[in-house]
Amino acid sequence: MSNVQTLQQLLRQLDQRGYKAYKQIQGRYEFPEFTLMIDYVQGDPFAAPSRLRVQVPQTSTHTNIQGAAFPTDLYCTPSRAIALRDYLTRQFDAATADIREKRGSGNSGLIAIARPTQQVLERTAVLISDEWVEARFVVGLPARGRQILGHEAAALLCDNLPVIVERALKYGNLNQAELQHHVETVEDTDWLRQQLRDRHLVAFIPTGAILPRQSGVDDRPLTENALSFQAPPSLQVEFERPNHGRITGMGIPEGITLIVGGGYHGKSTLLRAIALGIYNHIPGDGREGIVTHPTAAKIRAEDGRHIAGVDISPFINHLPQERSTTRFFTENASGSTSQAANIMEALEVGTQVLLVDEDTSATNFMIRDRRMQALIAKDKEPITPFIDKIRQLYQDYGVSTILVMGGSGDYFDVADTVIAMSEFQPADVTQQAKAIATQYATHRTAEGGEHFGPITPRVPVNNRFSAHDEERRSRLKVRDVDELVLGKESVDLSAVEQIVDVGQLRAIGAAIAYLQRYYLDGLQTLNDVITHVMADVEAGGWDDITAFPQGDLAAFRPLELAAVLNRWRSLNFR
Ligand code: ADP
Ligand code: MG
C-alpha cells in the first residue's frame, strides 16, 4: 500500500508522458484522512473517465484528524441508510461542482459522482458501514492532447479531492439539521407507503403537495403560480407519522377510480405524481409525501413495439389471419395490442395497480360505445375494450385501476370513485356520476364476460448476450432514461414512464447480463428469473452481480426489469 506522497511523486514523474502511462497509478493509496482506490484507469483522454473510490473511516486513527463520524441512528434501518447515502451523494455532487475545472483535453479535470434526481433512490455512489463511508466517482485524468498533465493530476487528486471529501463526507462539516430532516422525511414516506394496504388505499396525496413540474424536461417543482393540492373532505384521510406527526390528504381507495375534468385542469399531472409515488422524493420537491402502492404500473399504448409470446386473449381475440392471441408475437404492435400487452406483462410480474391516462391510450382499446357495437358486430371486433374488463380484473385478481378519462362518461358505470379536477383541485363527484349513470343509461352491451381471463406466465430462453467484449469493454450503453443499448441492439424505453434515473437503466443492464448467465435456463418463468435476481441483489449487494465496483447504479423494481426484457427484441420466449 502506498501513501499520498507516492501518488504525488508518481503523477509528477508521469508529466508529459503518453496517456497510457497513467495505467501505473491504478491501486490503493493511504491519505491521512481516507483511502483512495483507483480501480480503473481510462485508456485515453476521450474515453469513459477513470473510476475511483474513497473510503473515509468512521473513526480516524490519527489523533488530530476527525473521522466521518456518522451517528448510527442515521443509518440503522434500510430506509434511513438509503436516505443518508442519498444526502451524501448530493453533498459530494455539490462539492465537485464547485471544484470542477477544465484541465486540458477530453474530459480532463472532470470529477463527478453519479448525479441524483429528485427521487431518493438506493444508489451505489455512496455506501456506509460502521467502519467507513465510501464514495465512488469518476475522474477525467488530465492531458494536453494525449500527453499526461502530471502536475494537474496531482493537484486534482492530492489537493482538490481531500477538500471535497472533507466537505461532503464528514458528519461534523455537514448541515446536521438538514441531514436529519432528509432522513426523517424519507423514513416517514416509507412508513406512509406501508400504511396504504391496511387502510385499503392505493395512493395518498397530502394536502399542500406541489404536483406540477418546471417543464417536461425539468423535474423540479413549478414555483410560479403552482397551486398546492387540497384533499376533498369526503376522501380525506389522516396519518400520524413516526417523525413529523400528523399529515392529512386525499386517499385513493382500492377499486376503480376515475379522474375526470376539463382539459388542462391537472388530470395528467395528478396521475403522473401518483405514478412517481412509488419513489420517495427529496424534501422541498413538493411530492415528498405522495405515496403509491409499490407495484403500481403506468400503462400506455406503444405502437411499434415488439411483443413476444404474450397472452393478450383477455383483451384481443379472433385477429385476422387467425393469429394466436394466447401467444401473441409481433415486431410492430398496434396501439391497442401494445396497450393490451403492456397490461398483461405488468400483471405477469405481480402488478396490483394500473395507472392509465386517456392522453396516452388507444381509443379503441378504451371504449366501444353503443353505436359502434350496433354497426360493427362483436365477432368482427377483436378488441374487448378495457371498460368491459376493468371490473373483472379487480374482482378476479384484486387489481385496482386509476384512470384519467375526461372524454367518456361510459366509465361511470364501472367506477367506485370519481374525482373531478377543476382548476387543479380535486372534488369527489362519485355520487353525481352514479346519479348521471342511472339517468342516462349507455345501453352498451357488456362484452367482457364474467371473468377477466388468464394471466399466463412465459419462460424466457437464453440468447447468450455478453455484457463485455473480448477486450472487456462494456457492451451496455445508456442514453438518457429512454434507451438502453445491449450490444448492437437498442431497446426503446420511452414508453416506460416510471424509469427516472439513468442509473436504474445501468443497473437493469447489469442485471440482464447477470440473469442471462445464471437464471435463463429455459425452465423458469420470467417472474421467477426476476425474483431470483432481486433476491441476489438484496442479499449480496450490487458488487456481487457486477464485474467491478460500480458507483453509477440505482435501484429499480421488478416491473422495470421486466419492461426492458419485454422490449428486447433478441430475447426469445418458449
Ligand atoms: P389535463 O391532463 O387535465 O389536460 P395537465 O395535467 O396536463 O391537464 O395540466 C395542464 C397544465 O397545467 C400543465 O402545464 C401543468 O404543469 C399545469 N398544472 C397542473 N397542475 C397544476 C397546479 N396545481 N398548479 C399550477 N399549474 C398546474
Ligand atoms: Mg391530460
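So, a few notes on the structure that sits alongside this text. All residue numbers here refer to positions counted from 1 along the written sequence of the relevant chain. Chain letters and ligand numbers both follow the written order, the letters beginning at A and the numbers at 1. The predicted nature of this model means local features are confined to residues of pLDDT at least 70 and side-chain atom pairs, given and counted, to a pLDDT of 80 or more, with totals for whole chains, interfaces and linings taken over all residues. To get the side-chain values, take all heavy atoms of the structure and skip hydrogens and water.

With respect to the site of ligand 1
Residues are counted as near a molecule or strand when any one of their heavy atoms sits within 4 Å of it. Looking at ligand 1, there are 14 residues lining it, with Leu227, Tyr264, Lys267, Ser268 and Thr269 nearest. In protein, a polar contact means a hydrogen-donor-capable atom and an acceptor-capable atom, both N or O and within 3.5 Å, with residues adjacent in sequence counting only if both atoms are side-chain atoms; elsewhere, any N or O pair within 3.5 Å suffices. The backbone of Tyr264 places a nitrogen or oxygen atom 2.7 Å from an oxygen atom of ligand 1. One of the side-chain N or O atoms of Ser268 is found 2.9 Å from an oxygen atom in ligand 1. Where accessible areas are quoted, they stem from the Shrake-Rupley method and a 1.4 Å probe; at the residue level, only the protein chains shown are allowed to cover. Considered on its own, ligand 1 offers 570 Å² of accessible surface; in the complex 79% of this is hidden by protein. In terms of residue class, the shell around ligand 1 is made up of six nonpolar, seven polar and one charged. Under the convention adopted here, Pro, Cys and the residues Ala, Val, Leu, Ile, Met, Phe, Trp and Tyr are nonpolar, Asp, Glu, Lys and Arg are charged, and Gly plus all remaining residues are polar.

Comments concerning the coordination of the magnesium ion (ligand 2)
We call an atom a donor if it is N, O or S and sits within 2.8 Å of the metal, or 3.2 Å for Na, K and Ca. Water is not counted, so some sites may look partial. The coordination sphere of the magnesium ion (ligand 2) contains the protein donors Ser268 (OG) and Asp359 (OD), at a distance range of 2.1 Å. Linking Ser268 in helix α5 (residues 267–275) with Asp359 in the loop between β22 (353–357) and α7 (363–366), this pair joins segments that are 91 residues apart in sequence. Only DSSP runs of H or I reaching four residues or more are called helices, and only runs of E reaching two or more are called strands; each is numbered from the N terminus.

Thoughts on the nonpolar core
Residues grouped as a nonpolar core are buried Ala, Val, Leu, Ile, Met, Phe, Trp, Tyr and Cys residues, joined through side-chain atoms within 4.5 Å. Here's how the labels work: a residue is buried when its accessible area is under 20% of the maximum for its type, exposed when over 50%, partly exposed in between, all with a 1.4 Å probe on protein chains only. Membership of the largest hydrophobic core comes to 80 residues, with the highest contact counts inside it found for Phe315, Phe365, Phe386, Tyr411, Ile508, Leu561 and Leu565. With seven residues, helix α11 (residues 502–518) is the largest single contributor of residues to this core. Residues count as neighbours in contact if any of their non-hydrogen atoms are within 4.5 Å of one another. Contact partners of Tyr411, with chain neighbours within four places excluded, come to Leu258, Met366, Ile367, Phe386, Ile387, Ile390, Leu403 and Met405. Judged by nonpolar contacts, the second largest core, of 59 residues, contains Leu10, Ile25, Ile38 and Ala125.

Here's the deal with helix α1 (residues 4–13)
Each α-helix turn comprises 3.6 residues. Residues three or four places apart therefore point the same way. Within α1, burial applies to Val4, Leu7, Gln8, Leu10 and Leu11. An end-on view of α1 places all buried positions within 165 degrees of arc, on one side of the element. Taken together, the buried residues of α1 touch β1 (2–3), β2 (27–30), β3 (35–40) and α3 (150–168). Two to three positions downstream of the cap, the backbone nitrogen of Gln5 sits 3.0 Å from a side-chain oxygen, assigning the N-cap of α1 to Asn3. The arc in question is traced by the directions running from the helix axis to the C-beta atoms.

Quick look at the side chain of Asp357
The residue Asp357 is located in strand β22 in this model. Buried within the structure, Asp357 lacks any salt-bridge partner; its nearest side chain of opposite charge belongs to Lys298, at an N-O separation of 4.9 Å. For Asp357, the side chain forms a polar contact with the side chain of Ser268, separated by 2.7 Å. Of note is the side chain of Asp357, whose polar atom sits 2.9 Å from the backbone nitrogen of Asp359. For this count, His and the chain ends are skipped, Lys and Arg are scored as positive, and Asp and Glu as negative. Throughout this description, the term salt bridge denotes a Lys or Arg side-chain nitrogen within 4 Å of a carboxyl oxygen of Asp or Glu.

Quick look at the sheet that holds strand β14 (residues 236–241)
Overall, antiparallel pairing links the four strands, which are arranged β14-β15-β11-β18 in an open sheet. Only two strands of the sheet have a single neighbouring strand rather than two, namely β14 and β18 (291–292). Two strands form a pair only when DSSP identifies at least two bridges running between them. Direction of pairing for β14 relative to strand β15 (residues 245–253): antiparallel, over a ladder of six bridges. Bridge pairing in β15 places Val237 opposite Gly249. Each axis is a line fitted through C-alpha atoms, and for a helix only the stretch in contact is used; angles between axes span 0 to 180 degrees, taken between their N-to-C directions. Running at roughly 130 degrees to β14, helix α4 (residues 176–198) makes contact with β11 (201–206), β14, β15 and β18 of the sheet. Running over the sheet, α5 touches β11, β15 and β18 and is turned about 115 degrees from β11.

Some details on the environment of Gln395
Mapping Gln395 onto the fold places it in helix α9 (residues 390–397). We classify Gln395 as exposed; its relative accessible area is 54%. Each C-alpha atom, one on Gln395 and one on Asn463, is 38 Å from the other, the two residues being 68 residues apart in sequence.

A word on the packing of helix α2 (residues 78–99) against α3
Where α2 contacts α3, the axes come no closer than 9 Å and their chain directions differ by 145 degrees. For the pair α2 and α3, the sense of crossing is right-handed. Counting all contacts with α2, which are made through Leu88, Gln91, Phe92, Ala95, Thr96, Asp98 and Ile99, the residues of α3 involved are Asn160, Val163, Ile164, Arg167 and Ala168. Note on convention: the crossing is left-handed when the near helix lies turned anticlockwise from the far helix by less than a right angle, right-handed when the turn is clockwise.

Some words on the sheet that holds strand β29 (residues 489–492)
Across the sheet, which stays open at both edges, the three strands sit in the order β27-β28-β29 with antiparallel pairing between neighbours. On the outer flanks of this sheet lie β27 (476–479) and β29, each paired with one strand and no other. In this sheet, adjacent strand axes meet at a mean angle of 20 degrees when their direction is disregarded. As paired elements, β27 and strand β28 (residues 483–486) share four bridges and run antiparallel to each other. Bridged to Lys477 within β28 is Val485.

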